[in-house]
Structure formats: C-alpha cells, structure tokens
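Architecture and fold: a report
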Amino acid sequence: MSYELRPRTKEGESFIEATESVIKILRDRADNADKKSIVNVHNLADMLSSGIIGAFIPKNFGGFGLTSIHDWMVGISRLGQGDGSVALMVNMHLAVSRGMMETWNASKKSTNKKLTKKLELQFEQIISGNMFLCATATEIGTDNLHPFTEATRVQDGWIINGKKIFVTGSPIASHVAMNLLIRNKKETTPNNEEDVIGAVILPLETKGVITQDDWQAMGMRGSGSQSIFFENVFIPEDIVRPIGQWGKWSSGLLMNRNLANLPLLGAFLGIAEHAYELALVAAKEKPKSIRPSNMELPGIQHIIGEMEISISTTRAMVGQMGQITDDFLKKYKNQKIPIEQAHELLKDHQSMKWVVNRNAIDIVNKALDVVGGSGYLDKNTISRLYRDVRAGPFMQPYAPSEAREYIGKVVLGIYPEN
Ligand SMILES: Cc1cc2nc3c(=O)[nH]c(=O)nc-3n(C[C@H](O)[C@H](O)[C@H](O)COP(=O)(O)OP(=O)(O)OC[C@H]3O[C@@H](n4cnc5c(N)ncnc54)[C@H](O)[C@@H]3O)c2cc1C
C-alpha cells in the first residue's frame, strides 16, 4: 500500500520489525486485559525479549540505537495495531529512555563523568529488564507547565509531596519519571529567580510512593493508568534536575512536550489501522443469510472508500510530521533551539494531532458501521477499539478546546508564554 508507513533508518528497521513481531500476541491478550482492567505482565516480557524496551539504548549497550522520531512513531503505530494500551505504556518508557540517551550524549562531552557512568548503569538495567519507566506530569486542577507536586529542600536531599494521576504503565514499572515544583527559596535559587520545574526519576519502591490501584476507565483499560500519591518521599540531593521556569514555556520544555507526546499519536493511528483491517474482513465475509456479501453493497463500498481516504491522510500526516521532526532535530543538533522555532514545531504537532485523532475516531466509528450490530457486543474487538481510540484527544499538550487557539496564535506570530 502506497501510504503505508515504513522505516527511514536502519535502526528504525530493527525497532519496527520487533514491534511487528508482537502484534499478534498483543491482540491475543488485549480483550482479556480490557475485560479485567489489568496490565498483562507477559507483555512486558515480550517487550524485553523482542528488544523493544531498549530501542533508544545505544548499540554498544545492547539496544537498537534508535534516533529517528519518525521510526519511533511508526513502531508505536504497530504496537497500537496490537493493543493501544501497550502502545501507550511503551511510549512513556521510550520517551524517558530517549531523554536519558540524550543526557548521556551530552554528558560525554562534559566533565561530568559520574553522570555518564550512572546513565550507563541505567542502560544496563533497562536492557536486562530491571528498569521499566512510567512518566507523569498530570495532576488535578493544573497543567504540565504548572506542577503542584512539590520538592522541598531538606538536609542531604529533598522531600516530595503531591498527587499524580493517569500514570500509564505504573503497575508494572520499576521507576517513575515526573515533573515537580521547586519553590523560589533562597537556598534553591540563589539568584532570586522564580520557581522552577524540576525533573526526577525515582524507584516506585521508594518509601512514601503509594500507587492507588484506581484505574477504572472507559477505554485503554489494559494501560494501568492509575494515580500515585507521594507522601513525604525522601530522595537524595543529586536526583532532582531543574528543567525550566515554573509556569513558563522555554525551548527545553516545549521540546520535552513535543518529543515525549508526538509518538503517542502513532498509537491512535495503529488502533484505526486495526479497525480498518477488521472492517475489511467483515466486508468480505460471506454471510450465512439471505443477503448478498457485504462487499457487494454500494453503501459498504462507499464507507470503505472513505476509510481508505482517512487512513491514507492520517498515515501521510504522521509520516510527514515524523520527517519534519527528524529534520528539525538534525538542523539544531549542535545549537540552542530558539523558543519561536520550538513553538512552530509544536504548532505542526498540534495540527497533526487534530487530524490524526479525528480521523482515527471516525475510522473506528465507520468500522463499527461496516461490522454491524455484532461489533457492538463486548466480545467483539471493535467495541474495545471504539472506546480505546477516544483517549487520543486527551493526550498532552492541548485538549481540542485549546489546540485551535494555540495553533492560531503561533501562525499569527503570537508565541504563548504559558
Ligand atoms: C488513557 C490515558 C492515559 C494517560 N497517560 C498519561 C501518562 O502516562 N502520563 C501523564 O502525565 N498523563 C497521562 N494522561 C493524561 C492526559 O495526558 C491528560 O493530561 C488528561 O487526560 C487531562 O487532560 P485534559 O486536557 O482533559 O485536562 P483537564 O485538566 O481534565 O481539563 C478539563 C477540561 O478543561 C479544558 N481546559 C483546560 N484549560 C483550558 C483553557 N485554557 N481553555 C479552554 N479549555 C481548557 C480542557 O480542554 C478539558 O476539556 C493519560 C490520559 C489518558 C486518557
């Protein structure tokens, strides 16, 4: 198929091949995980044995050495064809491990050999299956730029208090990555700057980290997106990393949001591709009834035609956005990214997110029309896909009610500060 997304790099080829190898097994397990609202731990074992977990880990540490955002998105779309919940979980892990790989590259050029060594040990942990990451920025009543979960300075370290929600993959993760508020106190910000956002990765086993086992949702039921409370969690000094001013976009924070969340859209393309596949099977079935085969009905032919157009548009937009992002990163490889340019990239990301989510929801809806009433039954996979795909517009940053305003502003050269 001409619009089908293919790898653009050699490393991406290995990653995408690995994701394709697990599609069937993910499908076999997905309906049961959905029915029970549980994360299937066997999926994690398969992500490990196929090498998917180590996608961004450099080759000499046993990973695929992936760098292309395009290929990352395509791999996530293949996982989405298997199970959207698993695609979300893996994406969160890969987003954090990609960040670790970037920090490692930067640390090698600096004098901070301790950091280089620490990251290399973490790479080994990831490859051996001892480190699987979830990531959270979401809290009630605020957005990613204004975290309320707070790190307070104490002797030899920090105390963390707060509540995070929607922490996908946390029932099977070993570590959580998250953002925090560090208040403007003299001892933390000597130059009297404003409050900052800190980033931290800590083991979920840390005392005071309390997982809530409260994931009951409309869809993505196999994603384990439970809440986590942090109650007087002590962490050592050097674990908190300042990443920008609290409540204010910076180039770094914009790029963080861009890169961590863009590939998530691959998951929703994958769900739509799965639904399309099921619709085609249903259309071609010879019914044991007085009716002719569905595919001979003009109404079905029209719907299939529309689905093909939507799938092609969605793939084209995902593929092009992947290429735009890869080219962007190549252009700014050794230079600071101007904040306006980071906004321009997020604007393109938001336009693509708009199209992908609307099309994906519409494609699954149409697949249900093609499959007919039997698709409405719980036991039919289409009914799960119909619920799962609806999560897409909620992915950060920018809900549909905010996205158009943001896109319009950036097009007009008004770059939002927060
Ligand atoms: C299945 C699933 C998995 C997820 N996994 C993760 C994860 O692993 N990690 C993570 O950090 N998060 C995760 N999330 C959370 C997700 O990224 C969103 O943060 C969350 O769903 C809330 O999004 P919201 O935009 O509806 O925000 P809410 O705060 O719930 O917003 C409420 C409503 O107010 C509107 N609104 C808010 N501000 C404005 C404004 N200025 N103008 C107009 N309207 C506004 C919003 O658009 C929305 O309709 C997950 C969500 C889902 C559904």
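Residues numbered from 1 in each chain as written. Predicted model: local features only at pLDDT ≥ 70, side-chain atom pairs only at ≥ 80, totals over all residues. Heavy atoms only, no water.

1. So, the overall build of the protein
Test applied: The helix count covers DSSP runs of H or I at least four residues long, the strand count covers runs of E at least two residues long, and both are numbered beginning at the N terminus. Both definitions apply: the radius of gyration is a C-alpha atom measure, and the globule rule equals 2.2 Å times residues to the power 0.38. Burial classes follow relative accessibility: with a 1.4 Å probe on protein chains only, a residue under 20% of its type's maximum area counts as buried, one over 50% as exposed, and anything between as partly exposed. The accessible surface values rely on the Shrake-Rupley method and a 1.4 Å probe; as for residues, cover is taken only from the protein chains in view. In this tally, Lys and Arg are treated as positive and Asp and Glu as negative; His is ignored, and so are the chain termini. Taken as the charge centre is NZ of Lys, CZ of Arg, CG of Asp or CD of Glu, depending on the residue.
Regarding its fold elements, the protein presents 12 helices and eight strands. Its C-alpha atoms give the protein a radius of gyration of 22 Å, within 12% of the compact-globule value 22 Å for 418 residues. Oriented by its inertia axes, the alpha-carbon framework of the protein measures out at about 80 × 45 × 45 Å. For the protein, with 418 residues in total, the buried portion stands at 54%. Roughly 19,400 Å² of accessible area belongs to the protein as shown, and the carbon and sulfur atoms make up 53% of that amount. Distance between charge centroids for the protein: 1 Å, based on 47 positive and 46 negative side chains.

2. With respect to the environment of Gln-226
Where we set the bar: Any two residues whose heavy atoms approach within 4.5 Å at even a single point are treated as in contact.
Residue placement: Gln-226 occurs in strand E7 (residues 226-236). Through-space distance from the C-alpha of Gln-226 to that of Asp-214 is 5.3 Å; in sequence the pair is 12 residues apart. Once you skip the residues sitting within four places of it in the chain, Gln-226 turns out to touch Ile-165, Phe-166, Val-167, Ser-170, Pro-171, Thr-211, Gln-212, Asp-213, Asp-214 and Trp-215.

3. Digging into the site of the ligand
Rules: Throughout, the term near means that a residue has one or more heavy atoms lying within 4 Å of the molecule or strand in question. Each polar contact in these results corresponds to two N or O atoms within 3.5 Å; when the atoms are within protein, one needs to be able to donate a hydrogen and the other to accept it, and residues that are neighboring in sequence are counted only if both atoms are side-chain atoms. Residue polarity follows a fixed list, in which Ala, Val, Leu, Ile, Met, Phe, Trp, Tyr, Cys and Pro are nonpolar, Asp, Glu, Lys and Arg are charged, and the others, Gly among them, are polar.
Inspection of the region around the ligand gives 16 residues, with Thr-138, Phe-166, Thr-168, Gln-396 and Ser-401 positioned closest. In this structure, an oxygen atom belonging to the ligand sits 3.2 Å away from a main-chain N or O atom of Phe-166. When the free accessible area of the ligand is taken as 970 Å², the share hidden by the protein chains comes to 64%. At the level of elements, helix H5 (84-109), strand E1 (133-136) and helix H12 (400-411) are the ones that each hand at least two residues to the shell around the ligand. For the shell around the ligand, a count of residues per class yields nine nonpolar, six polar and one charged.

4. So, the nonpolar core
Most often, soluble globular proteins have nonpolar side chains that are buried together. Operational definition: Among buried residues, those of type Ala, Val, Leu, Ile, Met, Phe, Trp, Tyr and Cys that are joined through side-chain atoms within 4.5 Å constitute a nonpolar core.
Within the largest apolar cluster, 118 residues are counted, with the highest numbers of intra-cluster contacts made by Phe-15, Met-47, Trp-72, Leu-79, Phe-268 and Met-307. When neighbours within four sequence positions are excluded, Trp-72 is seen to be in contact with Phe-15, Phe-56, Leu-66, Asn-91, Leu-94, Ala-95, Arg-98, Leu-259, Ala-260 and Pro-263.

5. Looking at helix H1 (residues 10-21)
Condition: In this analysis, the expected span of each helix is defined as 1.5 Å times one less than the number of residues it contains. The arc refers to the directions leading from the helix axis to the C-beta atoms.
End to end, H1 covers 17 Å across 12 residues, agreeing with the expected 16 Å (1.5 Å per residue, within 8%). Listing the buried residues of H1 in full gives Gly-12, Phe-15, Ile-16, Ala-18 and Thr-19. The arc that holds the buried residues of H1, viewed along the axis, is 155°, so those residues lie on one side. H1 presents Lys-10, Glu-17 and Ser-21 as exposed residues on the side facing more than 90 degrees away from its buried surface.

6. Regarding the packing of aromatic side chains
The following threshold applies: Pairing of aromatic rings covers Phe, Tyr and Trp, the last through its six-membered ring, and needs centres within 6.5 Å; plane angles under 30 degrees mean stacked, over 60 mean edge-to-face, and all others mean tilted. By the criterion adopted, a ring carries a charge over it if an Arg CZ or a Lys NZ lies within 6 Å of its centre and within 35 degrees of its normal.
Following the criterion strictly, the structure yields seven aromatic pairs and no others. Seen from their ring centres, Phe-166 and Trp-215 are 5.9 Å apart, and the 70° between their planes marks the pair as edge-to-face. Of this pair, Phe-166 sits in strand E3 (residues 157-167) while Trp-215 sits in the loop between strand E6 (209-211) and E7; the two residues are 49 residues apart in sequence, bridging distant segments of the chain. Exposure remark for Trp-215: the relative accessible area of 15% places this residue in the buried category. Directly above the aromatic system of Trp-104 lies the positively charged group of Lys-108, at a separation of 3.8 Å from the ring centroid. Over the aromatic face of Trp-158 sits the side chain of Arg-153, whose NZ or CZ is 4.5 Å from the ring centroid.

7. With respect to the environment of Pro-171
Residue placement: Pro-171 occurs in the loop between E3 and strand E4 (175-182). In this structure the C-alpha to C-alpha distance between Pro-171 and Leu-204, which are 33 residues apart in sequence, comes to 9.5 Å. Residues in contact with Pro-171, not counting those within four places in the same chain, are Val-39, Gly-224 and Gln-226.

8. Observations concerning the side chain of Thr-325
The topology assignment puts Thr-325 in helix H9 (residues 298-331). On the basis of relative accessibility, which here comes to 1%, the residue Thr-325 falls in the buried class. Thr-325 has contacts with Ile-69, Leu-259, Leu-262 and Leu-345, leaving out every residue within four places of it along the chain.

9. A closer look at the domain arrangement of the protein
For the record, the criterion: Note that domain bounds follow an automatic or database assignment of domains. For any pair of parts, buried area is found by adding up, for both, the accessible area (1.4 Å probe) each one loses once the two are put together. Each salt bridge in this description consists of a side-chain nitrogen of Lys or Arg and a carboxyl oxygen of Asp or Glu lying within 4 Å of one another.
According to the domain assignment, the protein contains domain 1 (10-131), domain 2 (136-245) and domain 3 (251-411). The straight-line distance from the C-alpha centre of domain 1 to that of domain 3 is 22 Å. Carbon and sulfur atoms make up 60% of the area that domain 1 and domain 3 hide from each other, which totals about 2,100 Å². Inspection of the region where domain 1 meets domain 3 yields three salt bridges.

10. Examining unusual backbone geometry
The omega torsion across Gln-396 and Pro-397 is -15°, close enough to zero to call that bond cis. Of note, Pro-397 is situated in the loop between helix H11 (381-388) and H12. Located in the positive-phi region is Tyr-398, a residue other than glycine, with phi close to 75°. For Tyr-398, the position within the fold is in the loop between H11 and H12.

11. With respect to the environment of Ile-235
Locating Ile-235 in the fold gives a position in strand E7. Taking C-alpha positions, Ile-235 is 5.7 Å from Gly-157, a pair spaced 78 residues apart along the chain.

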